[in-house]
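# Architecture and fold: a report
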Amino acid sequence: MAAVKKSLPRRQFDVVVVGAGGAGLRCSLQLAQAGLSVAVLSKVFPTRSHTVAAQGGVSASLGNMSEDHWQWHMYDTVKGSDWLGDQDAIEFMVREAPNAVYELEHFGMPFDRNPDGTIYQRPFGGHTSHFGEKPVQRACAAADRTGHAMLHTLYQRNVAARTQFFVEWMALDLLRNNAGDVLGVTAMEMETGEIFVLEAKHTVLATGGAGRIFAATTNAFINTGDGLGMAARAGIPLQDMEFWQFHPTGVAGAGVLITEGVRGEGGYLLNKDGERFMERYAPQLKDLAPRDFVSRSMDQEIKEGRGCGDGSYVQLKLDHLGAETIMKRLPSIREIAIKFANIDPIKDPIPVVPTLHYQMGGIPANYHGQVVTQVNGVEKIVNGLYAIGECAATSVHGANRLGTNSLLDLIVFGRSAGNFIVSQHPEREHAHQELPDTDIEASLDRVNRLESRTSGEKTHDVINRMRDTMQSHCGVFRKMDILQEGERMVADLVPQFDNIYYADKSKVFNTARIEALEAANMIEVARATVKSAVNRLESRGAHALDEYPERDDENWLKHTLWFADNRLEYKPVRMQPLTAESIPPKPRTF
Ligand SMILES: Cc1cc2nc3c(=O)[nH]c(=O)nc-3n(C[C@H](O)[C@H](O)[C@H](O)COP(=O)(O)OP(=O)(O)OC[C@H]3O[C@@H](n4cnc5c(N)ncnc54)[C@H](O)[C@@H]3O)c2cc1C
């Protein structure tokens, strides 16, 4: 096996960052500017990462347009999370928010402006003033292309800082020493199909979400949960995977997102009777209640026969905003509605349905970005490994994320992980540690098994079976018998995923091979999701279980940890903020 070690080409870096979305790029910038050698890997050109699709905004209590305070932002985030968010990390995020946004502004990010020159801010779901009283204007926006503006700004800064990009490279597995410390990754250069060992003193996972495990999603094709699969295979648990956010307004039948910014600007939802039904469900915040709440209300309307058209969707009305506002603040939304629904929103309402959008769970990490596992019930830092952005459960979003808090999480924790690594680096400045062959061999075996199979299941068939199962068995409302059936169906799919076969064995840009490798990550995420969901016997945030309609803080104010051997453990929610007073659980009404 020494031959293996010799035969694979190797590269060494201070830091390998897997992922070039907002989180990865904010982190790498911090590292490159500090003079560390940084390799950023991405399956696609960096500015095609899913962050580019973010529309509505990034939250920060700047108070440019109405009074605002970080304490209000903190309260909203804790309440939005249905008390499952860790309050130390939440305080850290909301207090850092204004600085993180001003920093982007100084980097040249083209935010929309108020007449006085300050950054334009719009209202967004669940963001309020005076601890829940009324909507506040907190979402800093660049029209409805905020993620686009952010990602390009960060990319350009990285180019200036001489970050090394490995474009169209796919990370495969984590590499560890015998103590479990992470020392780098195996990765495939997609163009040649060649596999490399990338050694690193610090490895950062910033691989984004896994929304593609569902059939109808707003997520990009590359959002296949690779970082989660890599962590799970290395024995690291996945946290709170039962919590998936359905965004209220995906274009019916197409899945493409219509930003909540539409409702922030004054748009609202209608049922077939032309009734603005959210007034009934959330008398105070109405259409700007948090997403889990609005999605369930829409589902209820549809179930009770008040859906529009064929009864399967509701409508999003915005024509009353006027052509000028729509063209200025929501130009991409208009384009999307025309292209995907054949509707011009200046004249007519857009047909919308709740659509899978975001994973609240992920790789457990603290607010320095360090990955934290659990051994015999005790938390343990995984040396050398960090997780940031949507692939991480930091956990600021808990059981339900507020809109615009994700872009914020990327820049705050990308930066803090970068700073933390820089602060740790002198200690690890010595040579790279000796890397045992075990994980390299296991990773190569995995690829070789796929390559050598001469018959079996077609990749897209098994992936589609998984997607349909997740969609029909793990949706907006959950019922125990259906969830249990979903768990059995996913378990039945595992051997099929282990038997994936593709005919094209060529090395150069072999997308069949890449899809099969992604599938291996997706099935881990699906397994984690159904197992975690079936076992949480309460309703909290995005997990709404028919048989247990209430939140149960006595038994369930705790994080789920799923391990790849299909074992569950739990750990307490961190209720103690850094300096603020703890926000105790209370009923969640809007
Ligand atoms: C349509 C849409 C609109 C949204 N709008 C908003 C909004 O307005 N405000 C807000 O706060 N949030 C919004 N969100 C959520 C937010 O955009 C995402 O959560 C966030 O952008 C994720 O960023 P990230 O850096 O974690 O990952 P991503 O931007 O998804 O990037 C992941 C990166 O990892 C790379 N990668 C993955 N696997 C591998 C691998 N195996 N090897 C190498 N590279 C790999 C990819 O190539 C990519 O570069 C929106 C999401 C969507 C889908």
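Here the structure is a predicted model, which is why all the values come from computation and not from measurement.

Definitions and limits used
- Residues numbered from 1 in each chain as written.
- Predicted model: local features only at pLDDT ≥ 70, side-chain atom pairs only at ≥ 80, totals over all residues.
- Heavy atoms only, no water.
- Helix = DSSP H or I, 4+ residues; strand = E, 2+ residues; numbered from the N terminus.
- Rg over C-alpha atoms; globule rule 2.2 N^0.38 Å.
- Buried < 20%, exposed > 50% of the residue type's maximum accessible area, 1.4 Å probe, protein only.
- Contact = heavy atoms within 4.5 Å.
- Areas by Shrake-Rupley, 256 points an atom, 1.4 Å probe, with all protein chains shown as cover.
- Lys, Arg positive; Asp, Glu negative; His and termini not counted.
- Charge placed at Lys NZ, Arg CZ, Asp CG, Glu CD.
- Near = heavy atom within 4 Å.
- Polar contact = N/O pair within 3.5 Å; in protein donor to acceptor, adjacent residues only side chain to side chain.
- Nonpolar A, V, L, I, M, F, W, Y, C, P; charged D, E, K, R; others polar.
- Core = buried A, V, L, I, M, F, W, Y, C linked by side-chain atoms within 4.5 Å.
- Pairing = 2+ DSSP bridges.
- UniProt positions renumbered as here; feature names shortened; annotations may be inferred.

Moving on, we get to the overall build of the chain. Each helix and strand counted, the chain has 17 helices and 20 strands in total. Relative to the globule expectation of 25 Å for 590 residues, the C-alpha radius of gyration of the chain, 23 Å, shows essentially globular dimensions. Here the C-alpha coordinates of the chain stretch approximately 70 × 50 × 50 Å along the principal axes. When burial is assessed residue by residue, the chain has 63% of its 590 residues classed as buried. Looking at the chain alone, contacts between residues at least 24 apart form 74% of all its contacts between residues at least 6 apart. Counting every atom, the chain has about 21200 Å² of accessible surface; 49% of that belongs to carbon and sulfur. Across the chain, 62 positive and 74 negative side-chain charges occur, with their mean positions spaced 2 Å apart.

On to the site of the ligand, then. Every one of the 39 residues lining the ligand counts as a neighbour, but Ser49, His50, Thr51, Glu390 and Leu407 are closest to it. For the ligand, an oxygen atom lies 2.5 Å from a polar atom in the side chain of threonine 51. At a separation of 2.7 Å, an oxygen atom of the ligand approaches a polar backbone atom of glycine 56. Protein coverage of the free-state accessible area of the ligand, which is 1000 Å², stands at 98%. Among the secondary structure elements, those contributing two or more residues to the shell around the ligand are helix H2 (22–33), strand S2 (38–42), strand S7 (169–176), strand S14 (350–359) and helix H12 (405–424). A per-element tally of the shell around the ligand places H12 first, with 4 residues. Classifying every residue of the shell around the ligand gives 15 nonpolar, 20 polar and 4 charged.

Residues Leu41, Ile363 and Met466 are the most contacted members of the largest nonpolar core, which totals 80 residues. Top element by residues in this core is helix H16 (residues 511–535). It accounts for 12 residues. Setting aside anything within four residues of it in sequence, one finds methionine 466 in contact with Ile213, Leu493, Phe497, Met522, Ile523 and Ala526. Counting 57 residues, the second-largest nonpolar core is a separate cluster that includes Leu29, Phe107, Met150 and Tyr386.

Sheet architecture is open: 3 strands sit in the order S3-S5-S4, paired in antiparallel fashion. The outermost strands of the open sheet, each flanked by one partner alone, are strand S3 (58–59) and strand S4 (121–129). Sheet topology places S3 next to strand S5 (residues 134–140); 2 bridges connect them, and they run antiparallel. Residue serine 59 lies in a different strand from S5, and its bridge partner there is alanine 139.

Here we have 3 strands laid out as an open sheet, ordered S10-S19-S20, and antiparallel in their pairing. A single partner strand is all that each edge strand has here, and the edge strands are strand S10 (238–239) and strand S20 (568–572). Sheet topology note: the strand S19 (residues 558–562)/S20 ladder contains 5 bridges and is antiparallel. Its bridge partner being in S20, histidine 559 is matched across the sheet by lysine 571.

Mapped onto the fold, aspartate 292 is located in helix H9 (residues 291–303). Reaching out from aspartate 292, the side chain makes a polar contact with the side chain of asparagine 400 at a distance of 3.4 Å. Discounting residues that sit within four places of it in the chain, aspartate 292 has contacts with Asn400, Gly541, Ala542 and Arg588.

Below, the discussion takes up the environment of leucine 450. Within the element layout of this structure, leucine 450 appears in helix H13 (residues 438–452). Placed 55 residues apart in sequence, leucine 450 and lysine 505 show a C-alpha to C-alpha distance of 9.7 Å. When neighbours within four sequence positions are excluded, leucine 450 is seen to be in contact with Ile500, Tyr502, Lys505, Ala516 and Leu517.

According to UniProt, the positions carrying the feature "binding site: substrate" (unreviewed entry) are His247, Thr259, His357 and Arg401. Spanning 155 residues, the annotated positions come together in the fold, the maximum distance between their C-alpha atoms being 14.5 Å. Within the secondary structure, threonine 259 is located in the loop between strand S11 (244–251) and helix H7 (261–264). Using a relative accessible area of 3% as the deciding quantity, one classes threonine 259 as buried. Topologically, histidine 357 is positioned in strand S14. Beyond its immediate chain neighbours, meaning those up to four positions away, histidine 357 contacts Thr218, Asn219, Gln245, Phe246, His247, Leu257, Arg291, Glu390 and Arg401.

This next bit is on helix H11 (residues 331–341). Those residues of H11 that sit buried are Pro331, Ser332, Ile333, Ile336, Ala337 and Ala341. Tucked into the core, H11 has its buried residues touching S11, H7, helix H10 (323–329) and S14. Phi turns positive one or two residues past the end of H11, at asparagine 342, with a value near 55 degrees.

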